[in-house]
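The primary structure of each chain is shown beneath.
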Amino acid sequence: MRRQSWLVYLFGLLIVGISLVAVYIVYLLMTTPQTESITITPDTAFNGITAIEPPLLMSDFTLTNQHNEPIRLRDLSGKPILITFGFTSCPDICPFTLGEMRSIHEALADNADDINFVFISVDGERDTPDTLRDYFDLLRVDTFLIGMTGTPDSVRQLGEEYGVNFIYDEADDSGNYGVTHTAGMFLLDENQNWIRRYTYGMQASLIIEDIQQFFAGDV
Amino acid sequence: MRIVHYMTVIVILLIIAAYSAMRTQAPQDNRRISVDEAWVRPALTSGNSAAYLTITNDTDNPVTLTSIAVDFAAMAQVHQTIVENDMAQMQQLENGLRIGTGETIRLQPDGYHIMLMDVQQVLNEGETVSLILTFDNGETLSIEAQISNNIVNLE
Ligand SMILES: [Cu+2]
């Protein structure tokens, strides 16, 4: 009888022990958060760079720069040109691209002045030369970026050659409107032949590498 | 022997009771919604800007970010950038941004952003602005965001 009650007591202890462990495991399972984050993974097969083969000689055009002077594409020959299209009230895509241009300019170091950086406005109505200048100051790209603005019609016409399109969204009550436009960058060589298209959102380091290879004569 | 049986049952019941008490009285401060790494794009007056941040939901239920209030822009909405044929477009998330239990969502260029329309003052790099986020569980978070134009895809 005495021995039996000891056994039962031990059995009871065992159950208590198992319950404690089980409760602890359940507690851990219920309090461990599952971390799940949304990341955008680019297409692994395509690195974002499109080579234009054969290179395409681009037409000349004249627009107005941020200092309110006429500027021709041919004025810029003799150096390669990195071009992007956008508008200064753009919330997301254009500041992103100009931030990239700033990084590319910095990364090119000794070659930074051997290439022209150009921003062509698709919103000539609002993007006056003064607005371009203020915007470049704001984004700290004023020391190297060449702005070009003009009538939407003239920009639409020259943009066609680059496959650039833009659509004005409907204005809200305060007259504010967005412009949906082709994003990314275009590289012309020193003879103004279009040689590269860089996809929007691609790794900036790959653009830097590609331009460095161009300067090294490997392109 | 019967007493030992009863004791065992009582101990188990006590443990269960203690555990459920622990569950219901869990400290509220580590079961909450948190926001980190908030930053806002520079913009000119009457231009548009975007805010990016990371939201983590450590509460026991999914939550939805339903509205954002700012005093430096006319309107703030959650948008998603969709790139199609190299044309970048934005769409408002009409039903807000849902964050599941234990989930972390990063608002970043090329994904989600808080669109800040018709900016009322120049947003200069280095300055900070505040945003108030409201969730459907009634929770409100006031956050500070640094104005910056540093790119995130250089790696
Ligand atoms: Cu937007």
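Residues numbered from 1 in each chain as written. Chains lettered and ligands numbered in written order. Predicted model: local features only at pLDDT ≥ 70, side-chain atom pairs only at ≥ 80, totals over all residues. Heavy atoms only, no water.

### Some thoughts on the coordination of the copper ion
Residues and elements named next belong to chain B. Quick reminder of the rule: Sites may look incomplete, because water is not among the atoms used; the donor set itself consists of N, O and S atoms within 2.8 Å of the metal (3.2 Å for Na, K and Ca). Square planar and octahedral sites, with four and six donors, are those where opposite donors lie more than 155 degrees apart and all other angles lie between 65 and 115, tetrahedral sites have four donors with every angle between 85 and 135 degrees, and the rest are irregular. Think of it this way: any DSSP run of H or I at least four residues long counts as a helix, any run of E at least two long counts as a strand, and we number them from the N terminus. Burial classification: accessible surface area is computed with a 1.4 Å probe over protein chains only, and a residue below 20% of its type maximum counts as buried, one above 50% as exposed, and the rest as partly exposed.
For the copper ion, the protein coordination sphere consists of H79 (ND1), M90 (SD), H113 (NE2) and M115 (SD), at 2.2 to 2.5 Å. The site at the copper ion holds four donor atoms, and with the angles between them running 93 to 117°, its shape is tetrahedral. All donor residues of the copper ion come from one chain, and their arrangement in sequence is H-x10-M-x22-H-x1-M. Of this pair, M90 sits in strand β5 (residues 87–92) while H113 sits in strand β8 (residues 112–119), placing them 23 residues apart in sequence. Given a relative accessible area of 30%, M90 falls into the partly exposed group.

### Description of the sheet that holds strand β4 (residues 81–86) of chain A
Residue and element names in this part refer to chain A. Operational definition: If DSSP finds at least two bridges between two strands, the strands pair. Fitted lines through C-alpha atoms give the axes, limited to the stretch in contact for helices. The angle between two N-to-C directions lies from 0 to 180 degrees.
The six strands are arranged β1-β10-β9-β4-β5-β6 in an open sheet whose pairing can be described as mixed. Because the sheet does not close on itself, it has two edges, and the strands there are β1 (49–57) and β6 (145–148). Here the strands of the sheet are splayed against their neighbours by 25° on average, with no regard to which way each runs. Relative to strand β10 (residues 193–198), strand β9 (residues 185–188) runs antiparallel, the two sharing four bridges. Paired with F186 across the bridge in β10 is R197.

### What about unusual backbone geometry?
The omega torsion of the bond from E53 of chain A to P54 of chain A falls at -10°, within 30 degrees of zero and hence cis. Inspection of the secondary structure assignment puts P54 of chain A in strand β1. With a phi close to 70°, S46 of chain B is a non-glycine residue in the positive phi region. Mapped onto the fold, S46 of chain B is located in the loop between β1 (33–40) and β2 (49–57).

### A look at the packing of aromatic side chains
Note on aromatic pairs: each is described by the distance of the centres and the angle between the planes. Residues and elements named next belong to chain A. Keep this limit in mind: Each pair of aromatic rings taken from Phe, Tyr and Trp, with Trp reduced to its six-membered ring, is defined by centres within 6.5 Å and is described as stacked if the planes are under 30 degrees apart, edge-to-face if over 60, and tilted in the remaining cases. Distance and angle both matter: a charge sits over a ring if NZ of Lys or CZ of Arg is within 6 Å of the ring centre and within 35 degrees of the ring normal.
Applying the stated criterion across every chain yields a total of twelve aromatic pairs over all chains. Linked through ring pairs, F85, Y162, F186 and W194 together constitute an aromatic cluster. Across the ring face of Y177, the terminal group of R126 is positioned such that the distance to the ring centre comes to 3.5 Å. A cation over an aromatic ring shows up here: R156 above the ring of F166, its NZ or CZ 4.1 Å from the ring centre.

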